[in-house]
Structure formats: C-alpha cells, structure tokens
Amino acid sequence: MHAFLKKTMSVHVQNSRMTTAKLRQMKANGEKIAMLTSYDFTLASLVDEAGIDILLVGDSASNIVCGNQYTLPITVDEMIFLTKGVVRAAQHALVVSDMPFGSYQVSEEEAVRNAIKILKESGCDAVKLEGGEEILPAIRHMVQAGVPVMGHLGLTPQSVNQFGGYGLRAKEEAEAEKLLHDAQLLDEAGCFSIVLEKIPAALAARVTKAVSCPVIGIGAGNQCDGQVLVLHDMLGMNQGFKPKFLRHFAKLADVIKGAVGDYIDAVKESSFPSEEESY
Ligand code: KIV
C-alpha cells in the first residue's frame, strides 16, 4: 500500500477512536454516553461494531465469566488476560479495565504500579476503581503518572462485605452528602469520568450537575451523562438476575437454549450433518 494512503488511513482510524476529551465534549453538548461491559474478543467486536462509546472490562467478570458469587476473587493478571481480547476487538470504543479488589488499596505506590501494569500489558485506555476520599491519594498519583482514571461511587461491589449486601446506597442525607463530596473530590483529582451505581435518581442528577467530568449511571436514573449495564444482563443471558434498574434488550437465554436444543435433536436423530454439510 502507498505510504501516504497508509498514513491517511491510520490517522482516520485514530480519529474515529473514542477519547476522554471526546467524552467531555459529549457531556458539554448534552450527548448521552453509552457504555457496556465486555469480557471477550467476539462479543466485544459486535458491541464495538454496533457503535458503543465505552467498553468496560468490569471485574463483574468474576461473576459473569468465572461464576464467583462476588467480584473480590478476580486478580490483576486475570483482568489483563480478559482485557487484551477486548482491546483487540475495539476499533472505536474507549476500553476501560477495572482494577480488582486489593490492587489499589494497600498503598499509593502499589496502586500506581498495578494501574501502569494493566495499561501496559493489556493495551487498554484507562482504569476504573471503586471508592471516594479514602482512595484519593492513589487516584492523584495515577493521574500524575498519566493514567486515565474512571471513578466509581454508590454501590461499590468490592465492598459488599462492608455494606452487607447489594441494596440501594445513599438513601440517607449523610451518605448522600458524602457521595456528592466524594464525586467533587474525584473530579478535582482529575478522574475523566465517574460511575454512579444504585443510588436515588435525584442524587445522581445533583452529582451530574456538580462535576465537570461525565457521569455514567447504573441504577441511578436517567439524568446522568450516560448509562452502563452488564452486557450479559441486558442481553437477557443471566436468567435469575432482574433488579428494577435492568432492562432486557433481548432474551438470549431463550435463543441460546433453543438453538442448542435444536442441535442436540439434530445430532440424536442423525439429521446433522447433512450431505451438503459433509465432504
Ligand atoms: O464490574 C462492572 O461490571 C461494573 C459496572 C457494573 C459498572 O463495575
């Protein structure tokens, strides 16, 4: 290929990629941001082709991919392994990888070291971590080191044992005020975006207005700058899970079980493979 053409094409590819600056611009323009989780190349390719703005390799992989009850067991190396596949799939979306429990709480230095490891080894664009004021020093160090950071407040599943469950957060005045304060601190520390999970819609709307960075909600009403859902949940693959905030945009569990049932029948009755499907 001609060198000029190659350069033009690579510039075009780079320009079509989502960036943290474009996300800020979207907030300024009032254009909503769509984010979904992904954990593997094949599904991430489809989600990216469909035009998603942000692909989150969530530590919900611990539940969705590994079948654990909690997000706590997943490791940095496991997150890197999954994130690599999603990065290879992403032609347009910004790829964010969750920092797993224990990878940023011990010390600021360890937090920065792990964030850089995730960025370098997986090739993702940014990391996400859960918490407010208590992890602010780690966030400041990461931002200073050039790591784009997405915050996460409200229901933070890595703290499930502290909360004692997955209920609605910040219902009471004191917790709501702390959350608003935390969001302002994360914004000032340079987070390029903040996820708000399972909090009252009115509080999420206040936070969204109070911070300069884009706010992405899950179970946080529709006044946020964008929305995120777990891909397998919104595709209706995770049958037992239907909290109030979740909408099933498809019923893939039925589609998959139907197709697998048809395959089993075809094998059992020897109608698969047919002559046309044989060599
Ligand atoms: O791990 C995850 O999937 C998340 C989203 C629910 C925001 O953190």
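Quick caveat: nothing in here was measured; it's all calculated off a predicted structure.

Asks: Is there a simple way to explain the sheet that holds strand β8 (residues 226-229) in this structure?
Replies: Strand order in this closed barrel of 8 strands is β1-β2-β3-β4-β5-β6-β7-β8, and the pairing throughout is parallel. Between one strand and the next, the sheet's axes are offset by a mean angle of 25 degrees, whatever the strand orientation. Relative to strand β4 (residues 126-130), helix α6 (residues 108-122) is tilted by about 140 degrees, and along the sheet it contacts β3 (94-98) and β4.

Asks: What should I look at first to understand the domain arrangement of the protein chain in this one?
Replies: Where interface size is given, it is often the accessible area lost as the parts come together that is meant. Domain boundaries in the protein chain define domain 1 (3-248) and domain 2 (252-279). Computed over C-alpha atoms only, the centres of domain 1 and domain 2 are separated by 38 Å. Taken together, the contacts link 4 residues of domain 1 with 5 residues of domain 2. Across the domain 1 to domain 2 interface the summed buried area is about 350 Å²; carbon plus sulfur atoms make up 56%. Considering only the surface of domain 1 that becomes buried against domain 2, Leu235, Met237 and Gln239 emerge as the three largest contributors, covering 87% of it. Taken together, the connections running from domain 1 to domain 2 amount to 0 salt bridges. Taken together, domain 1 and domain 2 are joined by 3 residue pairs in polar contact (both at pLDDT 80 or more). Looking at the side of domain 1 that touches domain 2 residue by residue, the classes come out as 2 nonpolar, 2 polar and no charged.

Asks: Got a minute to help me understand the site of the ligand in this structure?
Replies: Around the ligand, the surrounding shell consists of Thr37, Leu56, Gly58, Asp59, Ser60, Asp98, Lys128, His152, Ile218 and Val230. The separation between an oxygen atom of the ligand and a polar side-chain atom of Asp59 is 3.0 Å. For the ligand, an oxygen atom lies 2.9 Å from a polar atom in the side chain of Lys128. Coverage of the ligand by the protein amounts to 95% of the 260 Å² it exposes when considered alone. Its residues assigned to classes, the shell around the ligand comprises 3 nonpolar, 4 polar and 3 charged.

Asks: Looking at this structure, how should I read the pairing of β3?
Replies: Sheet faces and side chains relate simply in a regular strand, where the side chains alternate between the two faces. The buried fraction of β3 is high, at 5 of 5 residues. Burial of the side chains of β3 extends over both faces: Leu94, Val96 and Asp98 are buried on one face and Val95 and Ser97 on the other. Across 4 bridges, the pairing between strand β2 (residues 54-57) and β3 is parallel. Each residue of the ladder has a partner; that of Leu55, found in β3, is Val95. Where β3 meets β4, 3 bridges bridge the pair, whose relative direction is parallel. Each residue of the ladder has a partner; that of Asp98, found in β4, is Lys128. With α6 bridging β3 and its parallel neighbour β4, the resulting β-α-β unit is right-handed.

Asks: So what exactly am I meant to see when it comes to the packing of helix α3 (residues 41-49) against helix α5 (residues 76-89) here?
Replies: Axes are the key here: two packed helices are described by the angle between their axes and the distance separating the axes. Contact geometry of α3 with α5 gives a least axis separation of 8 Å together with a crossing angle of 35 degrees. Seen from above, α3 lies across α5 with right-handed handedness. Together, Phe41, Ala44, Ser45 and Asp48 of α3 and Gly85, Val86, Arg88 and Ala89 of α5 make up the contact between the two elements.

Conventions and cut-offs
- Residues numbered from 1 in each chain as written.
- Predicted model: local features only at pLDDT ≥ 70, side-chain atom pairs only at ≥ 80, totals over all residues.
- Heavy atoms only, no water.
- Pairing = 2+ DSSP bridges.
- Helix = DSSP H or I, 4+ residues; strand = E, 2+ residues; numbered from the N terminus.
- Axes fitted to C-alpha atoms, helices over the stretch in contact; angles between N-to-C directions.
- Contact = heavy atoms within 4.5 Å.
- Domains from an automatic or database assignment.
- Buried area = accessible area lost by both parts, 1.4 Å probe.
- Salt bridge = Lys/Arg side-chain N within 4 Å of Asp/Glu carboxyl O.
- Polar contact = N/O pair within 3.5 Å; in protein donor to acceptor, adjacent residues only side chain to side chain.
- Nonpolar A, V, L, I, M, F, W, Y, C, P; charged D, E, K, R; others polar.
- Near = heavy atom within 4 Å.
- Areas by Shrake-Rupley, 256 points an atom, 1.4 Å probe, with all protein chains shown as cover.
- Buried < 20%, exposed > 50% of the residue type's maximum accessible area, 1.4 Å probe, protein only.
- Right-handed = clockwise from strand over helix to strand, strands pointing away.
- Left-handed = near helix turned anticlockwise from the far one by under 90°.

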